[in-house]
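Chain by chain, the residues run as shown.
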Amino acid sequence: MLLTSLVVIIVAAFVIEAVLAHLNERSAHSRPDPLVADLYDHTERERSISYGGAKYRLGLVSSTISTIVMILALTQGWFARVDQFIADRVENSLIVSLLFIAALSLISWIISLPIALYGTFVLEARFGFNKTTPRIFITDTLKGFLLSIAIGGPILAAIIWLYERFTDRFWLYGWLLVSGFSIFMFMFGTKLILPLFNKLEPLPEGELSAAIREYCATQGYSLSNLFVMDGSKRSTKANAFFSGLGRSKTIVLFDTLIEKLSVKEVVAVLAHEIGHYKRKHTLALLVASNLQTLAIFALLGWLLQYPELSEALGAASPSFHLSALTFFILLTPLQVLLGLLNNTLSRRYEFEADTFAAQTFSKPPVRSALSKTSADSLSNLSPHPLYVAFNYTHPTLAQRLRNVG
Ligand SMILES: [Zn+2]
């Protein structure tokens, strides 16, 4: 009964995702909003449609493969077999859980590798976006592995230990650990982790830094942590982001952004990022995500007492990792709902940050920066509203331009 529910959930999630992606792919062929209709000439529009189509097909192949593997693993009892294989060789239940999670991560990485390679070296390359060399791909992968072992390993071990030691209060202690870590990473992740993958350098003195200093002075925003990142190492796409709290607040501009936009447009993007900080969006999103984690831990702590969760996967005796796996599959509908809520909130914040930039700096460069970065990444100018609701963290270009006015 429980196993059937798991299969139904996985199939339903696959169908919903595929239908939304299909609607969105079809929608790309329809006439865009008049506000953005002139953004592409005929050739660029064709390129944008074929880029969207290629990403849609790759996504469909990827989700089909993972859905089939997951259904086979569930119905054939593969999870219980992996668990048994490890438990036959290792005594300690905590180590069994860690090895099980490591084995699953490794297997899912191997399954997704061909898709990742194709996506980077064929699809993105065909449209001229990819700058990642095989060497960068390999070193990124190795660094990612080492980080998961060095950081993910101890945290997982601590969570499982907390469960074995304080079964009843596990949900609270587990949540404190995870949310403490997420706040730490939010504050210092950009300084500690990002430099392992990218070079972060202070903005060089010049016309741009002078313009940025001038704008920041009008906002009383101290510019101690502004960095330029070598995003061009991996992709031609331009970006910028804000992270941190209080004194650790940091703004990172991709070198590709500075290369493609005018001085005023870069200041407009920076003003948008400062808007996220001034309007306390980053703090609100951090609080929201920690509250959601609390709800998830409370549910996990409550449901882990039922051995049926492990038994549904074909195990003879319950274990933390098998029950947690069932739990996270059961959680999928709630995760979809939370994703919808989080994306809605995020899109509202993007509007507010755009408005902030338009009011405190100037409208025309906000508009042109939005249009340029959108056109440059061949984005879909007429996405389907349902797809936007579920998947977009940013409003569509037409909506953003209308909001800026
Ligand atoms: Zn933003």
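This write-up is about the structure you can find in this document.

Parameters and conventions
Residues numbered from 1 in each chain as written. Predicted model: local features only at pLDDT ≥ 70, side-chain atom pairs only at ≥ 80, totals over all residues. Heavy atoms only, no water. Helix = DSSP H or I, 4+ residues; strand = E, 2+ residues; numbered from the N terminus. Rg over C-alpha atoms; globule rule 2.2 N^0.38 Å. Buried < 20%, exposed > 50% of the residue type's maximum accessible area, 1.4 Å probe, protein only. Areas by Shrake-Rupley, 256 points an atom, 1.4 Å probe, with all protein chains shown as cover. Donors = N, O, S within 2.8 Å, 3.2 Å for Na, K, Ca; no water. Tetrahedral: all angles 85-135°; square planar, octahedral: opposite > 155°, others 65-115°. Salt bridge = Lys/Arg side-chain N within 4 Å of Asp/Glu carboxyl O. Patch = residues over 30% accessible without salt bridge, like charges linked within 9 Å, V, L, I, M, F, W, Y side chains within 5 Å. Expected span 1.5 Å × (residues − 1). Contact = heavy atoms within 4.5 Å. Axes fitted to C-alpha atoms, helices over the stretch in contact; angles between N-to-C directions. Parallel < 35°, antiparallel > 145°, perpendicular 65-115°, else oblique. Nonpolar A, V, L, I, M, F, W, Y, C, P; charged D, E, K, R; others polar. Pairing = 2+ DSSP bridges.

**Overview of the overall build of the chain**
Then comes step 1: For the chain, the count of helices and strands is 17 helices and 4 strands.
Then comes step 2: Relative to a compact globule of 405 residues, whose C-alpha radius of gyration would be 22 Å, the chain shows 23 Å and is just as compact.
Then comes step 3: Projecting the C-alpha coordinates of the chain onto the three principal axes gives extents of approximately 65 × 45 × 40 Å.
Then comes step 4: Within the chain, the fraction of its 405 residues that count as buried is 41%.
Then comes step 5: Just so you have it, the chain exposes about 20,900 Å², and 65% of that area is on carbon and sulfur atoms.

**Regarding the coordination of the zinc ion**
Then comes step 1: At 2.0 to 2.7 Å from the zinc ion lie its protein donor atoms, namely His272 (NE2), His276 (NE2), Glu350 (OE) and Glu350 (OE).
Then comes step 2: Relative to the metal, the 4 donor atoms surrounding the zinc ion lie at angles of 52 to 136°, and the coordination shape comes out irregular.
Then comes step 3: Donor residues binding the zinc ion come from one chain and are separated in sequence as H-x3-H-x73-E. With His272 and His276 both in helix H10 (residues 263-278), this residue pair falls 4 residues apart, about one helical turn. Comparing His272 with His276 shows no difference in burial state: the two are buried.

**Examining the pattern of salt bridges**
For side chains of opposite charge, pairing can occur when their charged atoms come near one another.
Then comes step 1: With the rule as written, the count across this model stands at 9 salt bridges.
Then comes step 2: Note that Glu265 is salt-bridged to Lys372, the shortest N-O span being 2.9 Å. With Glu265 in helix H10 and Lys372 in helix H15 (residues 363-376), this residue pair connects regions lying 107 residues apart in the sequence.
Then comes step 3: Among the ionic pairs, Arg400 bridges to Asp354, the shortest N-O distance being 2.8 Å. On the criterion of sequence distance, the pair formed by Arg400 in helix H17 (residues 397-404) and Asp354 in helix H14 (residues 332-360) is long-range, its members being 46 residues apart.

**Section: a nonpolar patch on the surface**
Then comes step 1: Taken together, the side chains of Leu106, Trp109, Ile110, Ile138, Leu142 and Phe145 define a hydrophobic patch exposed on the protein surface, amounting to about 540 Å² of accessible area.
Then comes step 2: Contributing elements (two or more residues each) for the nonpolar patch: helix H4 (93-126) and helix H5 (134-165).
Then comes step 3: Looking at the element boundaries, Trp109 is found in helix H4.

**Re H14**
Then comes step 1: With 29 residues, H14 should cover 42 Å at 1.5 Å per step; its first-to-last C-alpha distance of 41 Å lies within 8% of that length.
Then comes step 2: Residues of H14 that are buried in the fold lie against helix H8 (207-219), H10, helix H11 (281-303), H15, helix H16 (385-391) and H17.

**Some details on the packing of H4 against helix H13 (residues 320-330)**
Then comes step 1: Where H4 meets H13, the axes come as close as 8 Å, and the angle between the chain directions of the two elements is 45°. On the basis of their axis angle, the class for H4 and H13 is oblique. Facing H4, whose interface residues are Val96, Ser97, Phe100, Ile101 and Leu104, H13 presents Phe320, His321, Leu322 and Leu325.
Then comes step 2: When its residues are assigned to classes, the contact of H4 with H13 shows 7 nonpolar, 2 polar and no charged.

**Observations regarding the environment of Phe297**
Then comes step 1: Position of Phe297 relative to the elements: it lies in helix H11.
Then comes step 2: Residue Phe297 is classed as buried on the basis of its relative accessible area of 8%.
Then comes step 3: Spatially, the C-alpha atoms of Phe297 and Val61 are 33 Å apart, while their sequence positions differ by 236 residues.
Then comes step 4: With sequence-adjacent residues up to four places away left out, Phe297 is seen in contact with Ile159, Phe170, Trp171, Gly174, Trp175 and Val178.

**Things to note about the pairing of strand E3 (residues 240-243)**
Then comes step 1: Relative to strand E4 (residues 250-254), E3 runs antiparallel, the two sharing 4 bridges. In the sheet register, Phe242 faces E4, and the bridge partner there is Ile251.
Then comes step 2: Where E3 hands over to E4, the hairpin turn is made up of 6 residues, of which Gly244 adopts a positive phi near 95°.

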